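# Descriptive analysis of the structure
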Amino acid sequence: MAAEIRLEKVRKTFGKVVAVKDMDLLVEPTEFLVLLGPSGCGKTTTLRCIAGLERVDQGRVYIGGHDVTDLPPAKRGIAMVFQSYAVFPHMTVAQNIGFGLRMHRTPKEEIRKAVKEVAELLQIDELLDRYPSQLSGGQRQRVAVARALVMRPEVLLMDEPLSNLDALLRLQMRAELKKLHREVGTTTVYVTHDQIEALSLGDRIAVMREGEIVQLDTPNEVYDKPATVFVAGFIGTPPMNFLRAEVKEGEGKVHLAVGDFVVEVHEEWRGRLKEMLGQTLILGIRAENIEVRPSPEEGTLPAQVVVSEPLGSQQLLTVQVGNDVLKVATSPDLPIRPGQTIGLVFTKEKIRLFDEASGKALKFG
Ligand code: ATP
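A brief report on the enclosed structure follows. Predicted model, so just to flag it, every value in this text is computed and none were measured.

## Observations regarding the pattern of salt bridges
Pairing is possible between side chains that carry opposite charge, provided their charged atoms lie close to one another. In total, this model carries 24 salt bridges according to the counting rule given. Between aspartate 70 and arginine 55 there is a salt bridge, with its nearest N and O atoms 3.3 Å apart. Of this pair, aspartate 70 sits in the loop between strand E5 (66-67) and strand E6 (78-81) while arginine 55 sits in the loop between helix H1 (43-51) and strand E4 (58-63), placing them 15 residues apart in sequence. The same class applies to aspartate 70 and to arginine 55, which are both exposed. Among the ionic contacts, a cluster of salt bridges with common partners joins Lys12, Arg48, Glu54 and Asp57.

## Here we look at the packing of helix H2 (residues 93-103) against helix H3 (residues 108-121)
Running from N to C, H2 and H3 point in directions that differ by 125°, and their axes come no closer than 9 Å. Comparing the axis directions of H2 and H3 gives the class oblique. Relative to H3, the crossing made by H2 is right-handed. Between H2, through Ala94, Ile97, Gly98, Leu101 and Arg102, and H3, the contact on the second element is made entirely by Ile111, Ala114, Val115 and Val118. Residues of the contact of H2 with H3, tallied by class, amount to 7 nonpolar, 1 polar and 1 charged.

## Focus: the packing of helix H4 (residues 137-149) against helix H5 (residues 167-184)
Here H4 crosses H5 at 20°, and the two axes come no closer than 11 Å. The pairing of H4 with H5 is recorded here as roughly parallel in orientation. In this structure, H4 crosses over H5, and the sense of that crossing is right-handed. Contacts between H4 and H5 involve Gly138, Gln141, Arg142, Val145 and Leu149 from the first element and Leu169, Met173, Glu176, Leu177, Leu180 and Val184 from the second.

## As for the site of the ligand
If you check the shell around the ligand, you find Phe14, Val17, Ala19, Pro38, Ser39, Gly40, Cys41, Gly42, Lys43, Thr44 and Thr45 and nothing else. Within the contact set of the ligand, an oxygen atom lies 3.1 Å away from a backbone nitrogen or oxygen of cysteine 41. Threonine 44 places a side-chain nitrogen or oxygen 2.8 Å from an oxygen atom of the ligand. Burial of the ligand by the protein chains amounts to 58% of its free accessible area of 630 Å². Counting only elements with at least two residues in the shell around the ligand, the list comes to strand E2 (17-27) and H1.

About the cut-offs
- Position labels on residues start from 1 in each chain and follow its written sequence.
- Predicted model: local features are reported for residues with pLDDT of at least 70 only, side-chain atom pairs are reported and counted for 80 or more only, and whole-chain, interface and lining totals are derived from all residues.
- Only heavy atoms go into the side-chain values, all of them from the structure, while hydrogens and water stay out.
- Salt bridge, as used here, is a side-chain nitrogen of Lys or Arg placed within 4 Å of a carboxyl oxygen of Asp or Glu.
- In this text, helices come from DSSP runs of H or I with a minimum length of four residues, and strands from runs of E with a minimum of two, each type numbered from the N-terminal end.
- Buried, partly exposed and exposed residues are distinguished by accessible area as a fraction of the type maximum, computed with a 1.4 Å probe on protein chains only: under 20%, between the cut-offs, and over 50%, respectively.
- Helix axes are fitted to C-alpha atoms over the stretch in contact, other axes to C-alpha atoms as well, and angles between N-to-C directions run from 0 to 180 degrees.
- Each angle gets one of four labels, with under 35 degrees taken as roughly parallel, over 145 as roughly antiparallel, 65 to 115 as roughly perpendicular, and the rest as oblique.
- Each helix crossing is assigned a hand: it is left-handed if the near helix lies turned anticlockwise from the far helix by less than a right angle, otherwise right-handed if that turn is clockwise.
- Contacts: residue pairs with any heavy atoms within 4.5 Å of one another.
- Each residue is assigned to one of three groups, with Ala, Val, Leu, Ile, Met, Phe, Trp, Tyr, Cys and Pro labelled nonpolar, Asp, Glu, Lys and Arg labelled charged, and all others, Gly among them, labelled polar.
- The near set for a molecule or strand comprises every residue that places at least one heavy atom within 4 Å of it.
- Here a polar contact is recorded for every N or O atom pair within 3.5 Å, except that within protein the pair must consist of a potential hydrogen donor and a potential acceptor, and residues adjacent in sequence are included only if both atoms are side-chain atoms.
- Values of accessible area rely on a 1.4 Å probe in the Shrake-Rupley scheme; residue burial ignores everything except the protein chains shown.

Put into structure tokens, the structure is as follows:
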């Protein structure tokens with residue numbers, strides 16, 4: 001049932017705009033792949049190329065091993081769910097869900113059974129006789145998902161399906177979509193610009209920028225090991241902190257210097273860094289990987305607290321280090337006042353280093 005999707009050098013332009021730039025992509029059968037990136041990076045266009053709603057300028061699209069590049073959407077074995085859950089207002093929920101099957105002239109009894117089954121799966125079986133105007137936004141979106149799934153597509157394509165819902169409902173539907181995917185196992189490509197949604201739902205995330213995939217990895221890898229400064233700055237709330245650091249040597253040991261402050265580095269990194277003495281790198285560190293000492297003791301990086309935000313499970317500090325502003329996550333119980341000078345310690349294993357010119361992460365080992 002679940003098919004592999006393969007894009008081979010797919011290119012799509014609109015006039016001078018290159019929306020998708022020679023993209024190669026393999027989505028495994030049953031995989032939930034998220035296309036994530038800022039507005040205008042080409043996520044929707046990529047999805048529409050897979051669906052056949054856009055003709056590609058160059059390259060090929062394969063679904064389940066078949067070249068579908070020249071096939072219309074209806075012949076590709078796909079189903080789509082959009083942001084605007086386009087349900088038909090004059091049809092009941094049951095008629096909405098069964099619409100596609102009716103178009104395929106499926107026998108009535110078979111339609112009734114299939115509609116009931118998928119409605120149960122989405123927990124809308126109580127609502128089958130209602131009209132869309134009698135449903136909440138979340139219920140309407142469930143109808144749209146049911147209508148897609150009832151066709152038993154080999155591939156499910158979703159474009160920001162939750163973005164019209166309020167925050168709480170969104171959270172709830174996110175978990176439901178995840179559970180649903182586990183149950184039906186349809187290969188899914190899901191477009192969002194919401195990184196939390198991407199981290200939560202994706203087996204893998206393709207982070208896009210200007211028509212290209214800049215990193216394709218599991219959520220944990222994308223979060224912990226961003227391939228570029230762009231990915232590191234896009235993923236995470238707050239995004240990763242960046243500081244300029246010079247590669248130096250003191251007492252026979254290679255270290256990184258942030259101003260006068262010595263940042264100890266991983267032993268395994270020292271060999272490679274030794275070849276880079278004198279170079280400036282970008283040091284990346286996440287807010288939760290910085291320890292806070294109430295005063296700037298020896299061996300800590302002095303920082304002045306600008307703002308402290310109590311966020312329930314954590315306290316988020318905005319601190320100033322020289323000309324740089326960093327975000328630091330600490331315990332809500334730690335008494336911190338704005339204006340106070342504290343000491344910071346970076347968790348050595350969690351430091352990421354990037355090349356200053358290209359923004360690419362340095363690889364060690
Ligand atoms: P968003 O999150 O805002 O929907 P996106 O990442 O999905 O953005 P696309 O909608 O794929 O981005 O658009 C990629 C680029 O192609 C943008 O520069 C956009 O303006 C352009 N584009 C998309 N569709 C068309 C079109 N039909 N005609 C002209 N330009 C288009």
